[in-house]
Amino acid sequence: MMRIAAVFTAALLVFAAPTFAQDAAVVDSDHYKVEFENDEVRVLRITYGPNEKSVMHEHPAAVAIAMTDNDMVMHMPDGSTVESKLEAGQAVWTPAVVHQPENLGGEKTVVLLIEMKDGHGEHTEHMEEHEKDKDQDGEGGR
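Residues numbered from 1 in each chain as written. Predicted model: local features only at pLDDT ≥ 70, side-chain atom pairs only at ≥ 80, totals over all residues. Heavy atoms only, no water.

**Q** What should I look at first to understand the overall build of the protein in this one?
**A** Check the secondary structure of the protein and you find three helices and nine strands. Starting at the N terminus, the α and β elements of the protein follow one another as α-α-β-β-β-β-β-β-β-β-β-α. A buried classification covers 29% of the 142 residues belonging to the protein. Carbon and sulfur atoms provide 57% of the accessible area of the protein, an area that totals close to 9,400 Å². (Helix = DSSP H or I, 4+ residues; strand = E, 2+ residues; numbered from the N terminus. Buried < 20%, exposed > 50% of the residue type's maximum accessible area, 1.4 Å probe, protein only. Areas by Shrake-Rupley, 256 points an atom, 1.4 Å probe, with all protein chains shown as cover.)

**Q** Explain the packing of aromatic side chains here, please?
**A** By convention here, two paired aromatic rings are described through the distance between centres and the angle between planes. A full pass over the atoms with the stated rule returns one aromatic pair. Here Tyr32 and Tyr48 contribute two aromatic rings whose centre-to-centre distance is 6.0 Å and whose plane-to-plane angle is 90°, an arrangement assigned as edge-to-face. Here Tyr48 lies in strand β2 (residues 41-48) and Tyr32 lies in strand β1 (residues 32-37), a separation of 16 residues in the sequence. In terms of burial, Tyr32 and Tyr48 fall into one category: buried. (Phe/Tyr/Trp six-rings, centres within 6.5 Å; stacked < 30°, edge-to-face > 60°.)

**Q** Mind showing me how you'd approach the sheet that holds β2 here?
**A** To summarise the sheet geometry, strands pair through backbone hydrogen bonds and adopt either a parallel or an antiparallel arrangement. The strand order across the open sheet built from five strands is β1-β2-β9-β4-β7, with neighbouring strands paired in antiparallel fashion. The two strands at the open ends of the sheet, each matched to only one other strand, are β1 and β7 (91-94). Adjacent strand axes in the sheet meet at a mean angle of 25° when their direction is disregarded. (Pairing = 2+ DSSP bridges. Axes fitted to C-alpha atoms, helices over the stretch in contact; angles between N-to-C directions.)

**Q** Could you clarify how one ought to interpret the side chain of His31 in this entry?
**A** With respect to the helices and strands, the residue His31 is situated in the loop between α2 (24-27) and β1. If sequence neighbours within four positions are ignored, His31 has contacts with Arg45, Ile46, Thr47, Tyr48, Glu52 and Lys53. (Contact = heavy atoms within 4.5 Å.)

**Q** So what exactly am I meant to see when it comes to the sheet that holds strand β8 (residues 97-103) here?
**A** One open sheet accounts for four strands, arranged β3-β8-β5-β6; its pairing is antiparallel. Either end of the sheet is taken by a strand with one partner, and the two such strands are β3 (57-59) and β6 (81-86). With strand direction ignored, the average angle separating the axes of adjacent strands in the sheet is 45°. The sheet contact formed by strand β5 (residues 70-75) and β8 spans four bridges and is antiparallel. Among the inter-strand pairings, His75 is bridged to a residue of β8, identified as Gln100.

The structure is reproduced here in structure tokens:
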């Protein structure tokens, strides 16, 4: 009986694994290329051809910069969708997300995604301290 339970559990994990969100650059290397990476950030070049769709994956908080105009829909794990339209050159903040993007347009779309890593908080704290200093000395910084 234990052996049957172990086989069933293993089979369940194999079939359930695709539903777990994963790193886009690993599970969809056709669309996601790592351009740069260090301890603070990772920069992905995201390229979708007309009407192409990805697989479900995740991203940490990031800044997205549209290199081309794009018309995308993001399929969410709960079955809902979110439309995203960006103009070339537009930059937007994106919170951490699990999604499955799809290019709705008839043209290729390219986005640079600058993903934040855990170590970025030190810089944020430093900038907050700098803002406090500016306010206290009234000189706009040191």
